[in-house]
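# Coordinates in review
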Amino acid sequence: MRGRNEMVEVVTMGETMVQLNAFTPGPLRYVNYFEKHAAGTESNVAVGAVRMGHSAGWISRLGDDELGRYVHNFLRGEGVDVSRVTFDTEAATGLYFVQRDYPVPGKSVIYYYRKGSAASRLSPEDIDTGYVSSAKVYHTTGITLALSGSCREAVDKAIEAAVDGGAEVSFDTNIRLKLWSPEEARRVISGYIGSADTLFTDTQDSEILVGEGDPPAAAEKLLSMGPRTVVVKMGERGAYAATSEGEKAMRPAFEVPVIDVIGAGDAFDAAFLSCRLRGLDLDRSLVVANAAGALCVTVRGDVEAIPSFEDVQRFLEGKEHIFR
Ligand code: KDG
């Protein structure tokens with residue numbers, strides 16, 4: 001286990017919940033079997049970073065309960081540094097259910113049980129500034145901003161520490177309309193776009209944030225707000241990226257059998273960040289990130305199929321071979 005004085009390359013902060021993923025399709029009231037997973041956008045990115053060969057830590061609060069122990073053990077088992085995670089005796093670990101293929105076949109509906117959760121009580125006192133400032137990348141998302149005012153203050157403190165230490169700030173807009181209105185999401189997230197070195201978004205979020213769902217146009221508007229790199233994820237259509245230095249790249253997604261799309265965006269973010277840390281160019285970074293996202297959707301659970309860098313190479317060799 002990592003000691004409190006050890007630092008990591010990638011630091012993330014946010015809520016991880018227990019995901020209960022329906023084993024059979026249809027309305028949840030008729031589902032009798034669920035698969036249990038640990039899932040949360042920021043810890044997914046931490047797991048992805050570890051798989052890609054980096055050291056990564058996740059800052060959060062968990063309930064001092066069985067579900068909290070499960071999440072803690074799971075992430076520690078994946079090699080994520082959990083030394084900055086605390087157990088809150090006054091609030092529970094968040095939980096969510098995934099209803100599958102109903103009412104829209106091929107789509108999942110998420111039901112959250114997370115109001116007042118331990119992670120929603122994250123506050124500036126949870127931030128070890130030395131830990132964040134010594135990282136290479138600090139990553140968080142719009143979900144953490146949506147959880148509470150104290151979560152926002154924690155994000156502010158972490159971003160300040162990252163900037164002071166020269167760590168890159170990575171931010172995924174991740175708007176979840178079950179957590180807040182589009183208006184509030186736009187108002188709050190707009191204040192963070194300028195702090196991001198790398199901004200990840202998707203076409204629905206960019207529509208909400210800058211009124212633009214066309215990836216190149218959205219990226220241009222978002223770049224004008226301050227980030228150095230903007231990546232617009234387009235799901236099954238692939239991804240587009242642009243930098244403030246005028247670089248642009250667009251890559252299609254890979255076709256794979258889709259079992260569960262939740263977490264694909266996080267696998268993508270982790271792989272993209274890893275590629276940039278490795279010094280790969282924008283175009284290759286999109287290829288690798290699209291491959292990571294594609295592999296992630298092939299199994300249930302957010303992180304189980306997030307690939308290592310080597311598995312991405314094997315996947316790409318297989319794909320190139322198949323299409324030749
Ligand atoms: O990106 C996947 C996450 O959205 C999912 O695991 C749940 O973190 C989650 C959230 O807060 O919605």
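Please refer to the structure placed before this passage.
The structure contained in this document is the topic of the report that follows. (Residues numbered from 1 in each chain as written. Predicted model: local features only at pLDDT ≥ 70, side-chain atom pairs only at ≥ 80, totals over all residues. Heavy atoms only, no water.)

## Quick word on the site of the ligand
- Inspection of the region around the ligand gives 14 residues, with Tyr96, Tyr112, Arg176, Asp266 and Asp302 positioned closest.
- Interatomic distance of 2.9 Å between a backbone N/O atom of Thr41 and an oxygen atom of the ligand.
- One nitrogen or oxygen atom from the side chain of Arg114 is found 2.9 Å from an oxygen atom belonging to the ligand.
- For the ligand, the protein covers 96% of the area, taking 310 Å² as the surface of the free molecule.
- Residue classes in the shell around the ligand are distributed as 6 nonpolar, 4 polar and 4 charged. (Near = heavy atom within 4 Å. Polar contact = N/O pair within 3.5 Å; in protein donor to acceptor, adjacent residues only side chain to side chain. Areas by Shrake-Rupley, 256 points an atom, 1.4 Å probe, with all protein chains shown as cover. Nonpolar A, V, L, I, M, F, W, Y, C, P; charged D, E, K, R; others polar.)

## Things to note about the pattern of salt bridges
- Going through the model one piece at a time under the given rule, you end up with 19 salt bridges.
- Lys136 is paired through a salt bridge with Glu9; the nearest N and O atoms lie 3.3 Å apart. Taken together, the positions of Lys136 in the loop between helix H3 (129-133) and strand E8 (137-141) and Glu9 in the segment before strand E1 (10-13) put the pair 127 residues apart, joining distant regions of the chain.
- Look at Lys136 and you get partly exposed, because its relative accessible area is 45%.
- With its nearest N and O atoms 3.1 Å apart, the salt bridge here joins Arg61 to Asp88. With Arg61 in strand E4 (residues 56-63) and Asp88 in strand E5 (residues 85-88), this residue pair connects regions lying 27 residues apart in the sequence. For the pair Arg61 and Asp88, one class covers both residues: buried.
- One continuous salt-bridge network, built from bridges that share partners, spans Arg61, Asp88, Glu90, Arg121, Glu125 and Asp126. (Salt bridge = Lys/Arg side-chain N within 4 Å of Asp/Glu carboxyl O. Helix = DSSP H or I, 4+ residues; strand = E, 2+ residues; numbered from the N terminus. Buried < 20%, exposed > 50% of the residue type's maximum accessible area, 1.4 Å probe, protein only.)

## Thoughts on the sheet that holds strand E3 (residues 34-39)
- Strand order in the open sheet made by the 4 strands is E3-E2-E6-E7, with mixed pairing throughout. Each end of this open sheet is capped by a strand with a single partner; those strands are E3 and strand E7 (108-113). Averaged over all neighbouring strand pairs, the angle between strand axes comes to 25 degrees, with direction disregarded.
- Two strands pair when backbone bridges link them, and strand E6 (residues 95-100) and E7 are joined in this way by 6 bridges, in the antiparallel orientation. In the sheet register, Val98 faces E7, and the bridge partner there is Ile110.
- Helix H2 (residues 66-77) contacts strand E2 (17-22), E3 and E6 of the sheet and is inclined by roughly 65 degrees relative to E3. (Pairing = 2+ DSSP bridges. Axes fitted to C-alpha atoms, helices over the stretch in contact; angles between N-to-C directions. Contact = heavy atoms within 4.5 Å.)

## A word on the sheet that holds E4
- Spatial ordering of the open sheet is given by E5-E4-E1-E8-E9-E10-E11-E12-E13, a layout of 9 strands whose pairing is mixed. Each of the sheet's edge strands pairs with one partner strand only, and the pair in question is E5 and strand E13 (248-251). Averaged over all pairs of adjacent strands, the angle between their axes in this sheet comes to 15 degrees, without regard to strand direction.
- Both E8 and strand E9 (residues 168-172) contribute to a ladder of 5 bridges, which runs parallel. Following the sheet pairing, Val137 is matched in E9 by Glu168.
- Contacts between H2 and the sheet are confined to E4 and E5, with E4 contributing the most and set at about 170 degrees to the helix.
- Packing against the sheet, helix H10 (residues 282-296) makes contact with strand E11 (229-233), strand E12 (239-243) and E13, and its axis sits at approximately 30 degrees to E13.

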